Amino acid sequence: HAQHWQVFVDISELIILIPILLNLKGNLEMNLASRLSTAANMGLLDQRSSRNAFIKGNLALLQVQSLAVGSVAGLFSFGLGVIVHPTNNNVNEIALMITASMLCAAMSSFVLGGFMCGLVLVCRKYKINPDNIACPLASSFGDLVTLVILSGCSVILQKFIDTPLPTITLVILLSMIPAWTVYVRRNKFVSEVAKEGWVPVFAAMVIASTAGLTLERYINEFPGMALISPVLNGLTGNIGSIYASRISTSLHVNLKENYRATEKTLFLVHIPIQIVFLCIIGVLGLGHIQWSVAVVLGYSFVALCMVVISLAMARWITHLFWGWGYDPDNYVLPILTSLIDVIGTAFLVAGFWGLSYGHND
């Protein structure tokens, strides 16, 4: 429903921002979840002193990364909007875009970071492997929280778009980055991550921008795409993230992963989830989707193909970065999920186009 809110109609660049910001924020939280899961399985969270330092450092790092990617995502999305709609932009909208993006990133990171830390500690206490839980929850729960906060911030800031409030808020948020950076550089657990963790995140942003432009281009032409696209890409990305996180942990602790059994389990788990999703949006009539047997079969085929692609890419990319000497916990998930966003969105558009799905049905 958010796409029909007045702020998204007035500032259409916010539609471009949504998949880019969701991808960036999701990557940061999934990287955090992956690092926490690996640390838990290695026993780093069992002692109070190392646990407190590790968690505080990672939460501070998450704030630095969120504020930085929020500012870049807002500016980058507005720049793409200028290219697509060169006559509908002004300085006030730029300030609103960047401020809403940064404010949303900081607030959602505070909520989700604490939630992830608590979840991994609970999993460790009850001897549950957090690799199977933390990453998908970080992605799916993170998307919901981030979208709600972004929508709320955008609506509120639009009321003050002709006042200095967005600019003042932007200056305050930018000033927080160096303060958090000083703390992060003094923490031995995250000081190196703070230096090397930027390339995959911003590379993912560039890749995910393709999905954002595609979504903005076809969101009105194909009814329901605004609902189907994030669910399809999010779910298949989660499946791949679980697999990549498990492989990363096994590589760190020098254990052999049973690839065939894990891939089979994750593939089968995906099927009932997709069935439940189709039933819910069909019964409740969500997303203005024009349902038919062909649409259901076409979506199911695309979803199954995406799961296979996600699992194959997760295994290949994780081993690739490990072989190059890079920590998969910091590199794999951003690249993997952004590629899934692009491929999934492209598959949906191709499927809808092939079925002649749209307003003319």
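Residues numbered from 1 in each chain as written. Predicted model: local features only at pLDDT ≥ 70, side-chain atom pairs only at ≥ 80, totals over all residues. Heavy atoms only, no water.

**Things to note about the overall build of the protein**
When helices and strands are counted, the protein shows 12 helices and zero strands. Its helices and strands in sequence order give the protein the pattern α-α-α-α-α-α-α-α-α-α-α-α, from N to C terminus. By the compact-globule yardstick of 21 Å for 361 residues, the protein fits well, its C-alpha radius of gyration being 20 Å. With 361 residues in all, the protein has 52% of them scored as buried. (Helix = DSSP H or I, 4+ residues; strand = E, 2+ residues; numbered from the N terminus. Rg over C-alpha atoms; globule rule 2.2 N^0.38 Å. Buried < 20%, exposed > 50% of the residue type's maximum accessible area, 1.4 Å probe, protein only.)

**Some words on the confidence of the model for the protein**
Per-residue confidence for the protein gives a mean pLDDT of 86, with 94% of residues at or over 70. Mean pLDDT in the protein bottoms out at helix α1 (residues 6-10), which sits at 75, and peaks at helix α6 (residues 165-185), which reaches 94. (pLDDT = per-residue confidence, 0-100.)

**Things to note about empty space enclosed by the protein**
Under the definition given, this model contains one cavity of 30 Å³ or more. Put simply, the largest cavity is a space of about 30 Å³. Looking at the lining of the largest cavity, the elements that each hand over two or more residues are α9 (225-252) and α12 (328-354). If one sorts the elements of the lining of the largest cavity by residue count, α12 sits on top with four residues. Of the residues that constitute the lining of the largest cavity, the class distribution is four nonpolar, three polar and one charged. (1 Å grid on protein atoms, 1.4 Å probe; cavity = no way out; pocket = protein on both sides within 12 Å on 5 of 7 lines; lining within 4 Å. Points joined across faces, edges and corners; volume = space filled by probe spheres on them. Nonpolar A, V, L, I, M, F, W, Y, C, P; charged D, E, K, R; others polar.)

**Structural notes on the environment of Glu196**
Summarising the element assignment, Glu196 is placed in helix α7 (residues 191-196). Glu196 sits in the partly exposed class, given a relative accessible area of 30%. Linking Glu196 and Ser248, residues 52 residues apart in sequence, is a C-alpha distance of 17 Å.

**A word on the pattern of salt bridges**
Two side chains of opposite charge can pair, provided their charged atoms sit close to one another. Taken as a whole and assessed by the stated rule, the structure comprises four salt bridges. In this structure, Glu263 engages Arg315 in a salt bridge whose closest nitrogen and oxygen atoms are separated by 3.4 Å. Of this pair, Glu263 sits in helix α10 (residues 259-284) while Arg315 sits in helix α11 (residues 293-323), placing them 52 residues apart in sequence. (Salt bridge = Lys/Arg side-chain N within 4 Å of Asp/Glu carboxyl O.)

**Quick notes on the packing of aromatic side chains**
Ring pairs (aromatic) are described by centroid distance and by the angle formed between their planes. In this structure the tally under the stated criterion is eight aromatic pairs. With a centroid separation of 6.0 Å and an interplanar angle of 45 degrees, the aromatic rings of Phe277 and Tyr299 are classed as tilted. Taken as a pair, Phe277 in helix α10 and Tyr299 in helix α11 lie far apart in primary sequence, 22 residues in all. By the burial criterion, Phe277 is buried, and Tyr299 matches it. (Phe/Tyr/Trp six-rings, centres within 6.5 Å; stacked < 30°, edge-to-face > 60°.)

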